[in-house]
Amino acid sequence: MQISCEETGGAMVARVCEDRVDAAVALRFKERMREILQNPSERIVLDLSQVGFLDSSGLGAVVAVMKLAGPERRLELAGLTPTVQKVFRLTRMDQVFTIHPGVPQAGRGDGH
Amino acid sequence: MATDPVPEFQGLRRVITADPFEVRRTLQELPGTIAGVALHEDLRVALEIVLAEVLNNIVEHGYNGQGGDIELSVLPIDCGVMCLVTDKGRPLPDGRLPEGRLPDLPDTTAGLDGLPEGGFGWHMIRALASDIRFDRVRGANQLRFCLRPEAAA
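Keep in mind it's a predicted model, so treat the numbers as computed, not measured.

Calculation notes
Residues numbered from 1 in each chain as written. Chains lettered and ligands numbered in written order. Predicted model: local features only at pLDDT ≥ 70, side-chain atom pairs only at ≥ 80, totals over all residues. Heavy atoms only, no water. Helix = DSSP H or I, 4+ residues; strand = E, 2+ residues; numbered from the N terminus. Rg over C-alpha atoms; globule rule 2.2 N^0.38 Å. Buried < 20%, exposed > 50% of the residue type's maximum accessible area, 1.4 Å probe, protein only. Contact = heavy atoms within 4.5 Å. pLDDT = per-residue confidence, 0-100. Pairing = 2+ DSSP bridges. Axes fitted to C-alpha atoms, helices over the stretch in contact; angles between N-to-C directions. Core = buried A, V, L, I, M, F, W, Y, C linked by side-chain atoms within 4.5 Å. Salt bridge = Lys/Arg side-chain N within 4 Å of Asp/Glu carboxyl O.

A. Examining the overall build of chain A more closely. When helices and strands are tallied, chain A shows three helices and seven strands. Taking 13 Å as the expected radius of gyration for a compact globule of 112 residues, we find that chain A reaches 13 Å, a close match to that expectation. Here chain A holds 112 residues, and the buried ones make up 55% of them. Counting only contacts in chain A whose residues sit at least 6 apart along the sequence, the fraction spanning at least 24 positions is 71%.

B. Local environment of the confidence of the model for chain B. On average, chain B scores 90 in pLDDT, and the residues at 70 or more come to 89%. With pTM at 0.91, the complex prediction returns an ipTM value of 0.90.

C. The arrangement of the sheet that holds strand 7 (residues 98–100) of chain A in detail. Residue and element names in this part refer to chain A. Spatially, 1-2-4-6-7 is the arrangement adopted by the five strands of the open sheet, whose pairing is mixed. The open sheet has two edge strands, strand 1 (3–8) and strand 7, and neither has a second partner. Averaged over all pairs of adjacent strands, the angle between strand axes in this sheet comes to 25 degrees, irrespective of strand direction. Taken together, the five bridges between strand 4 (residues 43–47) and strand 6 (residues 74–78) define a ladder with parallel strand orientation. Paired with isoleucine 44 across the two strands is leucine 75, which belongs to strand 6. Seen against the sheet, helix 1 (residues 26–36) touches strand 1, strand 2 (11–16), strand 4 and strand 6 and runs at an angle of roughly 30 degrees to strand 1.

D. Spatial organisation of the nonpolar core. By size, the foremost hydrophobic cluster in this structure holds 75 residues, and its most contacted members are Phe29, Leu46, Leu75, Phe88 and Phe97 of chain A together with Phe145 of chain B. Take this core: its biggest share by element is twelve residues, from helix 2 (residues 41–62) of chain B. Leave out the neighbours within four places in its chain, and phenylalanine 29 of chain A touches Met1, Ile3, Val16, Val21, Leu46, Ala61, Val62 and Val65 of chain A.

E. The sheet that holds strand 1 (residues 12–17) of chain B, seen in detail. Residue and element names in this part refer to chain B. Read from one edge of the open sheet, five strands run 1-4-5-7-6, paired in antiparallel fashion. Because the sheet does not close on itself, it has two edges, and the strands there are strand 1 and strand 6 (129–137). Strand-to-strand, the axes of this sheet are offset by a mean angle of 15 degrees, without reference to chain direction. Here helix 2 sits on the sheet in contact with strand 1, strand 4 (69–77), strand 5 (80–87) and strand 7 (140–147), set at roughly 10 degrees to strand 5. Against the sheet, helix 3 (residues 121–128) contacts strand 6 and strand 7, and its axis sits at roughly 120 degrees relative to strand 6.

F. Inspection of the pattern of salt bridges at higher detail. If you walk through the whole model with that rule in mind, you get 14 salt bridges over all chains. A salt bridge links glutamate 71 of chain B to arginine 13 of chain B, with the shortest nitrogen-to-oxygen separation between them at 3.5 Å. You can see glutamate 71 of chain B sitting in strand 4 and its partner arginine 13 of chain B sitting in strand 1, a full 58 residues away along the chain. The class of glutamate 71 of chain B is partly exposed, set by a relative accessible area of 33%. Here the salt bridges share partners, and the residues they tie into one network are Arg20 and Asp22 of chain A together with Arg24, Glu41, Arg44 and Glu48 of chain B.

G. View of the environment of threonine 17 of chain B. All names here are of chain B. Within the fold, threonine 17 resides in strand 1. For the pair threonine 17 and glycine 67, spaced 50 residues apart in sequence, the C-alpha to C-alpha distance is 6.3 Å. Sequence-distant contacts of threonine 17, that is, excluding residues within four places in its chain, are made with Glu22 and Gly68.

H. How the structure looks around unusual backbone geometry. Here the residue pair glycine 70 of chain A and proline 71 of chain A is connected by a cis peptide bond, since its omega of 5 degrees sits within 30 degrees of zero. Take proline 71 of chain A: it is sitting in the loop between helix 2 (56–69) and strand 6. Phi is positive for alanine 35 of chain B, which is not a glycine, with a value near 50 degrees. Note on alanine 35 of chain B: relative accessible area 38%, which makes it partly exposed. Despite not being glycine, aspartate 131 of chain B has its phi angle at roughly 50 degrees, a positive value. Among the structural elements, aspartate 131 of chain B can be located in strand 6.

Structural data, given as structure tokens:
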């Protein structure tokens, strides 16, 4: 499970460098994110722009990671691809997460 | 030799081992065209989402992670596709289709602890599929459902 991290504009951006976050890798995703959350950044943005598919196990893992990050820090999402967006919409998890349409880029401020 | 009276099955048929990586490969290899019928993109996406949930449920709960065979058939119908998934694992609890009610979202002021981490799978299956039917036949589970573009959009 490859996730690259980058500090940009006061936020830590964790970019998932995988095509799929599914039942096969959900546990490894959670473990890798647990390590990444050791970083004290107050804002954590999970960049999913390279993830083409996410199933209910992957979704459950993203929710679990948000809980691990909290309560004083919030996990935000960015760059949802169409299928991933559909899964968030169908499960109404799009109402729970802050979702940025674009992906934060280095030197571009806070990604809003 | 007697002629087989049953016409050859024209749809997609796969027999896979109940393993999450096999499920992944099967989904990645879903063709865009089945029995000469091109699947609309919305339908293809819905098929991938629903099959992921159905197949991973069998891997995790039906076979309890111990492996086994899953047979998958997909056939184009008038306005969509019909799927049949067969396995020899444990039947669905009480032999019935789960309700698939979305877990309640907690009051946000109560914090994140109450957020559900599971229970999404059957909700998505029910949201996207129609005519869902489960039968236990001679020790095998048969799950049938249809996907139609209007529901899948």
